[in-house]
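So the chains spell out like this:
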Amino acid sequence: MNDLRVEEIPPLLLHTVPESAESISERYQISAEAAVLTENAVLDLYGMLAECFTASVLIPQLESPNPDVELLKRCWGFVERIMDHSSQYVSGAVYFEVLEQLLNEGELLEAAWPYMKDRTRARTVQMLNSYGVFVPGINRR
């Protein structure tokens, strides 16, 4: 299990994916550096991941004809780091606000797959199988 404390996750997001800073600052109406240290950022982890990470950074990169490969690697490194967190609050936020968002659009999942790490891939395949969704090259050969 993950030994990262829940309150360390918002600062980890900003540190790992500084491209999320503008969205974080807009969401909390203070500097991103200050926002990630507040209790609000911890209590709003689902919203932060949904709006400031997935919608603002991850999906636009996955939809881009020329994605920033280094940025996508950092994004998936962040996801891998927090995905199996011992807190169901954190693991649920990743499940619903990051991974499940990719399942709505098969093309996003296919674009993300090369950058995902092993545990993230395994969790994604479990999700696909449990939903009865089959994506060629990912969970159907």
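See above for the structure.
This section reports on the structure supplied with the text.

What counts and how
- Residues numbered from 1 in each chain as written.
- Predicted model: local features only at pLDDT ≥ 70, side-chain atom pairs only at ≥ 80, totals over all residues.
- Heavy atoms only, no water.
- Helix = DSSP H or I, 4+ residues; strand = E, 2+ residues; numbered from the N terminus.
- Buried < 20%, exposed > 50% of the residue type's maximum accessible area, 1.4 Å probe, protein only.
- Salt bridge = Lys/Arg side-chain N within 4 Å of Asp/Glu carboxyl O.

Negative phi is the rule for most residues except glycine; trans is the rule for most peptide bonds. The backbone of Q29 shows a phi angle near 60°, a positive value even though the residue is not glycine. You can see Q29 is positioned in the loop between α2 (21-28) and α3 (32-35). Here Q29 falls in the exposed class, since its relative accessible area comes to 64%.

Turning our eyes to something else, we now look at the pattern of salt bridges. Opposite charge on two side chains permits them to pair, given that their charged atoms come into close proximity. This model, assessed by the stated rule, comprises eight salt bridges. Of the charged contacts, one joins R5 and E8 as a salt bridge, the two residues approaching to 3.7 Å between their closest N and O atoms. For E8, a relative accessible area of 30% gives the class partly exposed. Between D44 and R27 there is a salt bridge, with its nearest N and O atoms 2.7 Å apart. You can see D44 sitting in the loop between α4 (39-43) and α5 (45-63) and its partner R27 sitting in helix α2, a full 17 residues away along the chain. A relative accessible area of 22% places D44 in the partly exposed class. What you see here is one network of salt bridges that share partners, running through E80, D84, R119 and R123.

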